[in-house]
Amino acid sequence: MATNSNPVFKRRPPPSALRPPFFTLGVETSCDETSCAVLKGKDTILSNIVSSSLFRHKKFGGVVPEIASRHCMEQIQCVFEEALRVAKIKAKDLDLIAVTQGPGLIGSLFVGVAFAKSLAYQLKIPLAGVNHMEAHLVANFLGQLEPKRYIGLLVSGGHTMLTFCEKGKIHILGETVDDAVGEAYDKVAKIMGLSYPGGPTLDKLAKQGNPRAVLFTRPKQEARFGFSFSGVKTAVLYLLNDPKTGKPKSDAPSQKDLAASFQHAVIGWLVEKALNAAEFKKVRDIVVGGGVSANSYLREKLTRDGAARGIKVWFPPFEFSTDNGAMIARRGFELYKRGIRSKLNMTGDPGLHISS
Ligand code: KG4
Ligand code: ZN
């Protein structure tokens, strides 16, 4: 194993190293996906290969960490080779390796990080450890001119937070005190007997129901930009089952109405707080990232309500909404340009905080 004294990581690259073509490999293994992407320069995605282990978790109703990490181990080499093949480049053409350092599942993270470190060492090229949540935000900026100041709304299966971003630095304004919004979708779907992941299924079902059939009480969440979603999940449980006997209720709302009302409530809270944050920070852009950014009602409502206040709302293209290597490559490239490198003793960090 190389040490910090490896000369490749001691000095900044000469300016010529950024001359095109500059190829970044993005490696993402934070959860149940194994993904590698090749980014040319700052904006051109040459390949973005994703191998999901979702089908292996479905019968358990959620991601099983050991199954996820084993899948990453099995897949990483062939996903990497496929990413190079589609990009029509060889490993020796790569200039930088960007890899998800955290947050995420420890076993999955370790697979990607070990792979990326070995490759960087072998190819004698720099390594950039990337924060997965920061990458979700910059997934919006591929081929776009990035706003100087914006509110970042991060909504995934593991996180829900509002951030303020200025000059490439990201500050947290508030986050959930319990479940993440994606997690709430998944848990509510499970209570309703729907398959994992619940987000896309509930989103589809919600379109057919009455959003005002059930009125959910707002969480007693004091923090101005904080969230709480565990109460609404419990409310769904008791709408369907008697809290005393645990038996299904005869007067329970229909699945369609429940899905529509749940979606109407939680997305309403997200939209309201994101718009308040934009007003508070006096910014004209809101950038959304994370798996829940695929939600149709969030896209529609935040875009509409934002436009009414003169705010532009950014959503990533669908293929970059959920976990992918392309966003990791892009964030890694940005860090590299700022002179930030990771050493070969870097490790995966399941609880990595936003720190830029
Ligand atoms: O960012 P992501 O791919 O993985 C994490 O880093 O967590 O997000 C996955 C989450 C899951 O909880 C899934 O249910 C949710 O994103 N999700 C959705 C939708 N598509 C995916 N939630 C609501 N509506 C959707 N259309
Ligand atoms: Zn994610």
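Computed from a prediction, not measured in an experiment: that's the story for all the values here. (Residues numbered from 1 in each chain as written. Chains lettered and ligands numbered in written order. Predicted model: local features only at pLDDT ≥ 70, side-chain atom pairs only at ≥ 80, totals over all residues. Heavy atoms only, no water.)

> I'd like to hear about the overall build of the chain, residue by residue, with values.
Check the secondary structure of the chain and you find 10 helices and 10 strands. Here the C-alpha radius of gyration of the chain, 21 Å, is about what a compact globule of 356 residues would show, namely 21 Å. Along the first, second and third principal axes, the C-alpha atoms of the chain reach 70 × 45 × 30 Å. Per-residue burial over the chain gives 53% buried out of 356 residues. In the chain, the share of contacts with a sequence separation of at least 24, taken over all contacts with a separation of at least 6, comes to 72%. Looking at the chain as shown, the accessible area adds up to about 16,200 Å², and 55% of this sits on carbon and sulfur atoms. (Helix = DSSP H or I, 4+ residues; strand = E, 2+ residues; numbered from the N terminus. Rg over C-alpha atoms; globule rule 2.2 N^0.38 Å. Buried < 20%, exposed > 50% of the residue type's maximum accessible area, 1.4 Å probe, protein only. Contact = heavy atoms within 4.5 Å. Areas by Shrake-Rupley, 256 points an atom, 1.4 Å probe, with all protein chains shown as cover.)

> How would you summarise the sheet that holds strand E9 (residues 285–289) if you had to cite specific residues and measurements?
The 5 strands lie next to each other as E8-E7-E6-E9-E10, forming an open sheet whose pairing is mixed. Two strands bound the open sheet, and with one partner strand each, they are strand E8 (169–175) and strand E10 (312–314). This sheet shows a mean twist of 25° between the axes of neighbouring strands, independent of strand direction. Two elements, strand E7 (residues 160–166) and E8, share 6 bridges in a ladder whose sense is antiparallel. Its bridge partner lying in E8, Glu 166 is registered against Lys 169. (Pairing = 2+ DSSP bridges. Axes fitted to C-alpha atoms, helices over the stretch in contact; angles between N-to-C directions.)

> An account of the site of ligand 1 is requested, with residue identities and associated values reported.
Looking at ligand 1, there are 19 residues lining it, with Gly 157, Asp 186, Asp 203, Gly 291 and Asn 295 nearest. Here Asp 186 contributes a side-chain N or O atom positioned 2.7 Å from an oxygen atom of ligand 1. Against a free-state accessible area of 560 Å², the protein chains account for coverage of 88% of ligand 1. Of all the secondary-structure elements, those providing two or more residues to the shell around ligand 1 are helix H4 (132–138), helix H5 (181–191) and helix H6 (198–206). Of the residues contributing to the shell around ligand 1, the split by class is 5 nonpolar, 11 polar and 3 charged. (Near = heavy atom within 4 Å. Polar contact = N/O pair within 3.5 Å; in protein donor to acceptor, adjacent residues only side chain to side chain. Nonpolar A, V, L, I, M, F, W, Y, C, P; charged D, E, K, R; others polar.)

> Break down the coordination of the zinc ion (ligand 2) for me, citing the residues and quoting the values.
Taken together, His 132 (NE2), His 136 (NE2) and Asp 323 (OD) make up the full set of protein donors to the zinc ion (ligand 2), lying 2.1 Å away. Counting along the primary sequence, the residues that act as donors to the zinc ion (ligand 2) give the motif H-x3-H-x186-D. Taken as a pair, His 132 and His 136 lie in helix H4 at a separation of 4 residues, close to a single helical turn. For the pair formed by His 132 and His 136, the shared burial category is buried. (Donors = N, O, S within 2.8 Å, 3.2 Å for Na, K, Ca; no water.)

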